Amino acid sequence: MSLSSGRAHAYAWMIKHGFSKCGSCHTDPSGGETLTAFGRYQSEHFLTMGGADMEEMSNSSKFLFGAINEPADVNLGGSYRHMVLYSASVPGVPAEWRQFPMQLDVYGSGRIGKFEIGASLGVAKGIQGNAQVRAAEINKEPGEGFIVLSRSHYIGLWLQENTLLRVGRLNLPFGVRIPEHTLWVRESTRTDRESDQQHGLSLTYTGGRWRVDSMLILGNFQLNPDRYRERGYAATIEYLLNPTLAVGVSSLLTHSQVDALTRVENSIRYSDGVLLRWGASDKLSVLGELDLLKEGGRHTGLTGFVQTDYEPWRGLHLMLTGEVLDQGLLEKPGVLPVRGSGAPRYGAWVSIAWYPVEHLELRVDGVMHQDDVFHGQAQLHLYL
Amino acid sequence: MLRRIQLSTALTLAIASWLGTAAATPEYPGVIDATVGMSCGAPASRCLICHTTARGGQGTAEQPFVRHLRTLGLTHGHDASALRNAINLLDENWDSDGDTEPDKKELRECGNPSGDDLGAGPEYGCDGAQLVTAAAARRSSSSALGVLALGLAGVLVHFARRR
């Protein structure tokens, strides 16, 4: 595939700076994509190398470097990600290098009185056979042409200052909202922000120490026919024990006549788990999640991750991530457990993320999974 | 100012590289087709010949056909030659899913040696929405994306320099 897809930014580790509530910096109360004006200021102040001395937001941190002043209550953004992938050799097979644009999206949101509206629009190309990015496809391009994506679009109503009701295509509220969409917790629970969004009705409350995000899932209406659409719910409840320590629980339950990915009929899929976000110091943060998995045609499994993020200098992040996956043994006679299916499979990421200037992230990852070759990833991320 | 210009230059170079993006890398469905002399395309549903999910992945290669291929030397992913060799070693009458149709015959008919025929599977995109025909999209996609990407880069460079 010359282009899969990536995600915009949601940095759950910001809790180490006391930003426990995602809605402080993002227009989505549970984080991701469009930044608020406050979020742009904080990205310059707390995210970018050298930004700690700034007291006022410079124009270069604003949308399009400040070339366009967004109207009041309107926030715009965009992301371009380019990925270089390296797969190590195995006996008889040489190492492989690939490079492709991973994301080209624009997104934004606006508020009119008590109403909120938001959407993202992007393009991708050459994704035939890719079951991931296609889920956000708008046009029907069957082959290797280009497709137009909308990962999210919604209208909302602020019922109270801290309670937002939305309807549309939304990120599923489950687990820690992280940018690594290929991490097993996000892939196996199908809750990444790459293209796992679903249409439905969402209610988000962020008051006091609580963040409650729930969603009635009505199905992905960019997937046809209807028998493949999942219906059910997803929810996360997070409680702030102190300004830099949050714990939570997540739950998801869906049913589809036919599972779009596995073709299991009358498929019931559920996950339940716990999550942790901890700012141990202003240089160190820890994120973690552990989920029980059950999907149609398999016995119960589990998945989880722990990520430590050490920031020796502002804007430079050294990350170590461990993950585990057991999708559950196939419910078929004669099938024996193997790592990842009936037995745990472990993996590790060693990552460096650098934010040298506003609007720019450079990141490299070394990904090691049991029963797989080493994969190296280098990513350039420009955001408007 | 300098770092803003550098940033814009990096953006221009990055987006311009899109125009030179290589074609899709060979994937296993293509290897299967080449080995049995067919051209069945690469819809995501064909991942289910070997994997239990259309998203693929190392731990999901558990279908009956690939379990038999393991005994013929296909012991890991990312190895087109091992897949090719395993299919060549496959007995003409071997039937992994027990449907009385031999695996190789099913592969030659764009079928599924691991179970029921996969069909087209789910369709993606809003119902009825097709911007252009597939053929026209193939002709125009590179140039359209190039214009879009370069236009974006130009806007950023312009404003970065002005400031």
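Bear in mind the structure is a predicted one, so any value in this text is a computation, not a measurement. (Residues numbered from 1 in each chain as written. Chains lettered and ligands numbered in written order. Predicted model: local features only at pLDDT ≥ 70, side-chain atom pairs only at ≥ 80, totals over all residues.)

1. Considering the overall build of chain B
Secondary structure summary: chain B contains 6 helices and 1 strand in total. When the helices and strands of chain B are listed from N to C terminus, the series reads α-α-α-α-α-β-α. Out of the 163 residues in chain B, the part that is buried amounts to 37%. Taking all contacts inside chain B whose residues are at least 6 apart in sequence as the whole, residues at least 24 apart take part in 49%. (Helix = DSSP H or I, 4+ residues; strand = E, 2+ residues; numbered from the N terminus. Buried ≥ 20, exposed ≤ 12 C-beta atoms within 10 Å, placed from the backbone. Contact = placed C-beta atoms within 7 Å.)

2. With respect to the overall build of chain A
Scanning chain A for helices and strands turns up 2 helices and 20 strands. In terms of its C-alpha atoms, chain A occupies a principal-axis envelope of roughly 65 × 50 × 45 Å. Counting every position in chain A, which comprises 384 residues, the buried fraction comes to 52%. For chain A, long-range pairs separated by at least 24 residues make up 53% of all intrachain contacts whose partners lie at least 6 apart in sequence.

3. Topic: the packing of helix α2 (residues 28-36) of chain B against helix α4 (residues 80-89) of chain B
For any two helices packed against each other, one specifies the crossing angle of their axes together with the interaxial distance. Residue and element names in this part refer to chain B. In contact at an axis separation of 10 Å, α2 and α4 are set at 40° when each is read in the N-to-C sense. Accordingly, the angle class assigned to the pair α2 and α4 is oblique. Relative to α4, α2 is oriented so that their crossing is right-handed. Counting all contacts with α2, which are made through Tyr28, Val31, Ile32, Thr35 and Val36, the residues of α4 involved are Ala80, Leu83, Arg84, Ile87 and Asn88. (Axes fitted to C-alpha atoms, helices over the stretch in contact; angles between N-to-C directions. Parallel < 35°, antiparallel > 145°, perpendicular 65-115°, else oblique. Left-handed = near helix turned anticlockwise from the far one by under 90°.)

4. Let's talk about the nonpolar core
Buried together is how nonpolar side chains tend to be arranged in soluble globular proteins. Counting residues in each nonpolar core, the largest one holds 40 residues, and the members touching the most others are Cys50(B) and Ala86(B). Among the secondary structure elements, those contributing two or more residues to this core are β3 (115-125), β4 (146-149) and β20 (375-383) of chain A together with α2, α3 (64-70) and α4 of chain B. If one sorts the elements of this core by residue count, α4(B) sits on top with 4 residues. (Core = buried A, V, L, I, M, F, W, Y, C linked by C-beta atoms within 7 Å.)

5. Some remarks on unusual backbone geometry
Residues and elements named next belong to chain A. Here asparagine 224 and proline 225 are connected by a cis peptide whose omega angle stands at -10°. With respect to the helices and strands, proline 225 occurs in the loop between β9 (223-224) and β10 (231-242). Phi at arginine 190 is positive, roughly 55°, even though this residue is not glycine. Within the secondary structure layout, arginine 190 lies in the loop between α2 (184-189) and β7 (198-207). Of note, the phi angle at histidine 359 is positive, near 75°, even though the residue is not glycine. Positionally, histidine 359 belongs in the loop between β18 (345-354) and β19 (360-369).

6. Regarding the environment of Thr303(A)
Residue and element names in this part refer to chain A. Secondary-structure assignment places threonine 303 in strand β14 (residues 301-313). You can call threonine 303 buried: it has 27 C-beta atoms within 10 Å. Linking threonine 303 and aspartate 326, residues 23 residues apart in sequence, is a C-alpha distance of 6.2 Å. Apart from the residues within four sequence positions on either side, threonine 303 is in contact with Trp184, Val185, Ser188, Thr189, Asp291, Leu293, Val324 and Leu325.

7. Describing α4(B)
Residues and elements named next belong to chain B. If you check which residues of α4 are buried, you get Ala82, Leu83, Ala86 and Ile87. Along the axis of α4, the buried positions cluster into a sector of 130°, meaning they face one direction only. Turned more than 90 degrees away from the buried face of α4, the exposed residues are Ser81 and Asn88. (Arc of directions from axis to C-beta.)

8. Some details on the pairing of strand β8 (residues 210-219) of chain A
Residues and elements named next belong to chain A. Sheet topology note: the β7/β8 ladder contains 9 bridges and is antiparallel. In the sheet register, glycine 207 faces β8, and the bridge partner there is tryptophan 210. If you look at the hairpin formed by β7 and β8, you'll find 2 residues sitting between the two strands, and glycine 208 has a positive phi there, around 60°. Pairing analysis gives 8 bridges linking β8 to β10, with the strands arranged antiparallel. Opposite leucine 216, over in β10, you have tyrosine 233 as the bridge partner. (Pairing = 2+ DSSP bridges.)

9. Observations concerning the pairing of strand β11 (residues 245-258) of chain A
Residue and element names in this part refer to chain A. Examined bridge by bridge, β10 and β11 share 11 bridges and lie antiparallel to one another. Residue pairing in the sheet places glycine 232 in a bridge with threonine 254 of β11. Counted between consecutive antiparallel strands, the loop separating β10 from β11 contains 2 residues. Where β11 meets strand β12 (residues 265-279), 13 bridges bridge the pair, whose relative direction is antiparallel. Directly across from leucine 252, in β12, lies its bridge partner serine 271. Between β11 and β12, which pair antiparallel one after the other, the connecting turn spans 6 residues, and arginine 263 there sits at a positive phi close to 65°.

10. A few points about the environment of His17(A)
All names here are of chain A. Positionally, histidine 17 belongs in the segment before α1 (37-47). Given 17 C-beta atoms within 10 Å, histidine 17 falls into the partly exposed group. Sequence separation of histidine 17 and alanine 67 is 50 residues, and the distance between their C-alpha atoms is 29 Å. Contacts of histidine 17, omitting those with residues within four sequence positions, involve Phe46 and Asp282.

11. Considering the confidence of the model for chain B
Do not read the predicted coordinates in detail wherever pLDDT is low. Residues and elements named next belong to chain B. Averaged over all residues, the pLDDT of chain B equals 70, while 60% of them reach at least 70. Predicted confidence in chain B is weakest over helix α1 (residues 2-16), with a mean pLDDT of 45, and strongest over helix α5 (residues 103-108), with 92. This model gives residues 1-26 a pLDDT under 50, and the stretch forms 47 contacts once residues within four places in sequence are excluded. For residues 128-143, every residue scores under 50 in pLDDT, and the model assigns this stretch 23 contacts once sequence neighbours within four places are set aside. What the predictor reports for the complex is a pTM of 0.83 with an ipTM of 0.76. (pLDDT = per-residue confidence, 0-100.)

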